[in-house]
Amino acid sequence: SDVCSSDLVKPVSARNAMRKRRRIMRLLRTALVCLVALAVALLFCIVPYRSLLPAAQIDAREEGEMRVHFLSVGQGDCTIVEFPGGDVLVVDAGDGSFEANNAIVSYIKGLDVRSLSLLATHADIDHYGGFSELLRVFQADRFYLPVLSSPTSAYQRLLTAIEGEGCKAQTLTRYDVIGDASGAYAVCISPHAVDETDANAASTMLYVSYQGINLLLAADADAAREEHILSELTLAEDLLDSGAYRVRLDETHFLKVSHHGSAGASSAQWLSFLSPVAAIVSCGAGNGYHHPAGATMARLAALGTQIYRTDELGNIMLAIRDGRYTLTYA
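To start, this report covers the structure provided alongside it. (Residues numbered from 1 in each chain as written. Predicted model: local features only at pLDDT ≥ 70, side-chain atom pairs only at ≥ 80, totals over all residues. Heavy atoms only, no water.)

**Focus on the pairing of strand β13 (residues 306-309)**
Stage number 1. Sheet topology places strand β12 (residues 278-281) next to β13; four bridges connect them, and they run parallel. Bridging from a neighbouring strand, A278 pairs with Q306 of β13. (Pairing = 2+ DSSP bridges. Helix = DSSP H or I, 4+ residues; strand = E, 2+ residues; numbered from the N terminus.)

Shown next as C-alpha cells:
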C-alpha cells in the first residue's frame, strides 16, 4: 500500500507545479503587456503620434508664389495662408475630430514651413477645435486669439496649451496687420473693438492681398456685421486702410464665404459690393445645418461668381504669382 500511495502523490505534485508555472507565465505576460502599453503611452505623451503621420503630397511652392489652401475638414473651417517666404498662417483648425486633425497635420507637414503662426477667428469649436493638437505637433511662434473667449472646458484647454507651449498670444482687432517681407499682407478689418458681445459677429475678418490680388476671409460674420461695414465705407473708401496697407473690399477677387454659406450671412448687398470672381465655401457633406443655403448659392450665382465647395471638391488651393492666379482642387 505504501508503494501505491507514493505513486499517487508524485503526479499530483507535478501537476500543481505545472499549474503554478503557468500562472507565473500568465502574470509575466500580463505584466509585459502592461509595461509595453505604459511605455507607448509615455512615448505618445512625449512624442505625439500624429508627428509620425506621413506628409501630404503637395507640389513645392514656386519662387515668389503665395498660396492659400482651403482644407476639407468636414463641417468646420481651416484655411492655410502660405506666404512666399515660407511663413505659414493657419486660420482656424477644424473641430478637433480625429479625421480633421489627421488631415491638417499631414497637410502642414507637406508644406515647406519656415515659421508657423496660428489664428482662431472665434471661439466656436468647429474653428478652434484642432489647435491644441497643432500646438502639440508643431512649434508655433505666435497665436492670434479672437476678441471673445468661450467658457467651455475645450477652449480653456486651448488657452492652457498656448501658455504651456510658451507661444506668444495676441488678440486681433481692426487695423492689426500680419505682414510678410514679400509685400503680402493680411489686415484685420473686423471686429472693431474688444467690447463685442456676439461671437459670430465679432469673428476675425481678414483682407489678404498680394500683387494686386485680394482675398477676403469672412469667418462667421453675419449679415448685420456686413451691413455695418458697408455703412462705414460710405464715409471714406480708405476707412479700412492700416497705414500703408491698402484695403479695398470692392476689389475683392476671392471670397471665403462666411459661416459655411449660411443664409444669415452673405447678403445680396454685401456680395454685390464685393463682386468676387470666385467664392470658396467650407462645409461638410450632408451636414445637419444644410450648409450652404440655397439662397446664398443663388445670390453668388446671380453675380456670375464661380463657386468652389470643399464638400464637393476636397482641398482647394489658390496660387498667386506675378500678378496672376490659379485656383485648383483635389
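**So, the environment of W270**
Stage number 1. Its location among the elements puts W270 in helix α7 (residues 268-274).
Stage number 2. Along the backbone, W270 and V281 are 11 residues apart, and their C-alpha atoms lie at a distance of 16 Å.
Stage number 3. For W270, the residues in contact, after removing those within four places along its chain, are M205, L216, E226, I229, L230 and L249. (Contact = heavy atoms within 4.5 Å.)

**A few points about the sheet that holds strand β7 (residues 177-179)**
Stage number 1. Spatially, seven strands are ordered β7-β8-β9-β10-β11-β12-β13 in an open sheet, and the strand pairing comes out mixed. The open sheet terminates on both sides in strands that have one partner only, identified here as β7 and β13. Direction aside, neighbouring strands of the sheet carry axes that sit 20° apart on average.
Stage number 2. By the bridge criterion, five bridges tie strand β8 (residues 185-190) to strand β9 (residues 205-210) in an arrangement that is antiparallel. Residue pairing in the sheet places Y185 in a bridge with S209 of β9. (Axes fitted to C-alpha atoms, helices over the stretch in contact; angles between N-to-C directions.)

**Some words on the layout of surface pockets**
Stage number 1. Quantified by volume, the largest pocket comes out at close to 380 Å³.
Stage number 2. Listed by contribution, the elements that provide at least two residues to the lining of the largest pocket are β14 (316-321) and β15 (324-329).
Stage number 3. Taken together, the residues that form the lining of the largest pocket break down as 10 nonpolar, four polar and six charged. (1 Å grid on protein atoms, 1.4 Å probe; cavity = no way out; pocket = protein on both sides within 12 Å on 5 of 7 lines; lining within 4 Å. Points joined across faces, edges and corners; volume = space filled by probe spheres on them. Nonpolar A, V, L, I, M, F, W, Y, C, P; charged D, E, K, R; others polar.)

**A closer look at the environment of E312**
Stage number 1. Following the sequence through the fold, E312 ends up in helix α9 (residues 310-313).
Stage number 2. For E312, a relative accessible area of 55% gives the class exposed. (Buried < 20%, exposed > 50% of the residue type's maximum accessible area, 1.4 Å probe, protein only.)

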